[in-house]
Amino acid sequence: MASSGALSSEHAHAIASGAETLPLRVDRASQTALALAQHLQAHPAVAAVHYAMLPSHPQHARASKLFKAGTWLMAFELRDTSQLNTVLNKLQLAVKATGLGDTRTLVIPVAPTIFWEAGPEVRARMRIADGLIRVSVGLEDLADLIADFDQALG
């Protein structure tokens with residue numbers, strides 16, 4: 001039996017509902033990402049925060065012009081790269097996963113996963129630090145996320 005190219009009514013409804021709420025979710029996640037980036041920027045265990053909506057980011061002016069609501073995607077570097085797995089394993093709200101734009105906050109260590117096969121020399125040229133963590137901010141409460149990252153960073 002050949003499969004049909006049509007969606008079931010349940011799947012079509014889920015897609016339509018998701019599309020209707022997308023602007024709200026992007027606004028919320030982007031506001032949370034900015035606040036989390038600002039918080040992490042001041043944390044003693046964090047060496048750098050890479051978030052285009054921070055005034056310190058080299059592409060801040062361009063990002064502010066292009067991204068009406070901001071963005072939910074950010075990254076930060078640990079001062080002590082030997083603590084990478086410890087920090088990730090202590091996170092309780094953030095999910096260790098490769099996705100982007102989820103309703104949940106997702107984290108992934110960049111060097112030992114996405115860019116592992118590139119090797120240390122290529123990563124160094126690309127300025128991908130061994131302690132770099134990519135964060136796709138979700139819809140959790142900001143205070144809960146900050147508390148989770150703070151306890152994980154110790």
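Residues numbered from 1 in each chain as written. Predicted model: local features only at pLDDT ≥ 70, side-chain atom pairs only at ≥ 80, totals over all residues. Heavy atoms only, no water.

Asker: In this structure, what is going on with the nonpolar core? I would like to understand it.
Answerer: Generally speaking, soluble globular proteins have nonpolar side chains that are buried together. Counting 28 residues, the largest nonpolar core has L40, V49, M74, F76, I133 and F149 as the members making the most contacts within it. Listed by contribution, the elements that provide at least two residues to this core are α1 (9-41), β1 (46-50), β2 (73-78), α3 (84-90), β5 (132-136) and α5 (142-153). Looking at this core, the element that brings in the most residues is α5, giving five residues. Excluding residues within four positions of it along the chain, L40 makes contact with V46, V49, M74, F76, F149 and L153. (Core = buried A, V, L, I, M, F, W, Y, C linked by side-chain atoms within 4.5 Å. Buried < 20%, exposed > 50% of the residue type's maximum accessible area, 1.4 Å probe, protein only. Helix = DSSP H or I, 4+ residues; strand = E, 2+ residues; numbered from the N terminus. Contact = heavy atoms within 4.5 Å.)

Asker: Quick question: what am I supposed to make of the sheet that holds β5 here?
Answerer: Either a parallel or an antiparallel arrangement is found when strands of a sheet pair, and the pairing is made through backbone hydrogen bonds. Spatially, five strands are ordered β1-β2-β5-β4-β3 in an open sheet, and the strand pairing comes out mixed. Only two strands of the sheet have a single neighbouring strand rather than two, namely β1 and β3 (95-96). The pairing of β3 with strand β4 (residues 106-109) spans two bridges and is parallel. The residue of β4 that forms the bridge with K96 is V107. Seen against the sheet, α1 touches β1 and β2 and runs at an angle of roughly 15° to β2. On top of the sheet, α5 reaches β1, β2, β4 and β5; it is set at about 20° to β2, its chief contact. (Pairing = 2+ DSSP bridges. Axes fitted to C-alpha atoms, helices over the stretch in contact; angles between N-to-C directions.)

Asker: Could you clarify how one ought to interpret the confidence of the model for the protein in this entry?
Answerer: In low-pLDDT segments, the atomic positions of the prediction should not be examined closely. Here the protein averages 88 in pLDDT, while 95% of its residues score no lower than 70. Mean pLDDT in the protein bottoms out at helix α4 (residues 119-125), which sits at 76, and peaks at α5, which reaches 98. (pLDDT = per-residue confidence, 0-100.)

Asker: What exactly am I supposed to notice about the pattern of salt bridges here?
Answerer: Side chains carrying opposite charge are able to pair once their charged atoms draw close together. Applying the stated criterion across every chain yields a total of one salt bridge. Here R104 makes a salt bridge to D102, at a shortest N to O gap of 3.2 Å. A residue is classified by how much of its surface remains accessible, and D102, at 27% relative accessible area, is partly exposed. (Salt bridge = Lys/Arg side-chain N within 4 Å of Asp/Glu carboxyl O.)

Asker: Sorry, what's going on with α5 here?
Answerer: One turn of an α-helix holds 3.6 residues; hence residues three or four places apart share an orientation. When the terminal C-alpha atoms of α5 are compared, their 16 Å separation across twelve residues agrees well with the 16 Å that a helix rising 1.5 Å per residue should span. Residues of α5 that are buried: L145, I146, D148, F149, A152 and L153. Angularly, the buried residues of α5 cover 160° about the axis, an arc narrow enough to put them on a single face. Its buried side turned inward, α5 meets α1, β1, β2, α3, β4 and β5. Where α5 begins, the capping side chain belongs to D141, and its oxygen is found 3.1 Å from the backbone nitrogen of A143. G154 sits one or two positions beyond α5 and adopts a positive phi of about 65°. (Expected span 1.5 Å × (residues − 1). Arc of directions from axis to C-beta. Polar contact = N/O pair within 3.5 Å; in protein donor to acceptor, adjacent residues only side chain to side chain.)

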